[in-house]
Amino acid sequence: MTAEQGGWDGPEPDRLYVITRGRSGPSGPGVFDLVTLIVSLAEPTPAMQPEHAAILRLCRSPLSVAEVSAYLELPTSVVTVLLADLLDDGRIEARAAVPAAELPDRALLEAVIHGLQRL
């Protein structure tokens, strides 16, 4: 059934339940937001859950949680559960996004501009 027919659009809910082993969120404190960068620290193993292996392959170069979710075509809530598993196992590293630069004080900028104009 498609979204146009009023049904579920995306992975089946029971599949999502199986992927997360019934968990609705990470067990620890929330370290992931949409812009958290994820980097693989290990290679996938044959016994690994396919979604975990896919994340490790995708994140050889840093990707945000939102990008991982989009590539896997899974809801962000499911991806954060999978990422928490991999983080707990030491297979990924979660990096905070680069913070926005703080602007210098307006008075300092004006002083610099006036100094440059006097040159």
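Below is a short write-up of the structure.

Rules of the game
- Residues numbered from 1 in each chain as written.
- Predicted model: local features only at pLDDT ≥ 70, side-chain atom pairs only at ≥ 80, totals over all residues.
- Heavy atoms only, no water.
- Helix = DSSP H or I, 4+ residues; strand = E, 2+ residues; numbered from the N terminus.
- Buried < 20%, exposed > 50% of the residue type's maximum accessible area, 1.4 Å probe, protein only.
- Polar contact = N/O pair within 3.5 Å; in protein donor to acceptor, adjacent residues only side chain to side chain.
- Salt bridge = Lys/Arg side-chain N within 4 Å of Asp/Glu carboxyl O.
- Pairing = 2+ DSSP bridges.
- Patch = residues over 30% accessible without salt bridge, like charges linked within 9 Å, V, L, I, M, F, W, Y side chains within 5 Å.
- Areas by Shrake-Rupley, 256 points an atom, 1.4 Å probe, with all protein chains shown as cover.

Our next topic: the side chain of His52. Among the structural elements, His52 can be located in helix α2 (residues 50-58). Given the relative accessible area of 6%, His52 is considered buried. Side-chain polar atoms of His52 contact the side chain of Asp85, separated by 3.2 Å.

Okay, the pattern of salt bridges next. Applying the stated criterion across every chain, the model contains 3 salt bridges. In this structure, Glu93 and Arg95 form a salt bridge, with 2.7 Å as the shortest nitrogen-oxygen distance. Residue class for Arg95 comes out partly exposed when judged on its relative accessible area of 37%. Arg106 is the partner of Glu110 in a salt bridge, and the nearest nitrogen-oxygen pair spans 3.1 Å. Of the two residues, Glu110 and Arg106 both sit in helix α5 (residues 106-118), 4 residues apart, roughly one turn of that helix. By relative accessible area, Glu110 is classed as partly exposed at 36%.

What the 3 strands build is an open sheet, ordered β2-β1-β3; its pairing is antiparallel. Both outer strands of the open sheet, β2 (63-64) and β3 (92-95), are each paired with one neighbouring strand and no more. Two elements, strand β1 (residues 37-40) and β3, share 4 bridges in a ladder whose sense is antiparallel. Residue pairing across strands places Ile38 opposite Ala94, the latter belonging to β3.

A word on a nonpolar patch on the surface. There is a patch of nonpolar side chains on the surface, built from Leu108, Val112, Leu116 and Leu119 and spanning about 450 Å² of accessible area. Topologically, Leu108 is positioned in helix α5. Taking the relative accessible area as the measure of exposure, Leu108 reaches 48% and is therefore partly exposed.

By themselves, these are just geometric observations and shouldn't be taken as functional.
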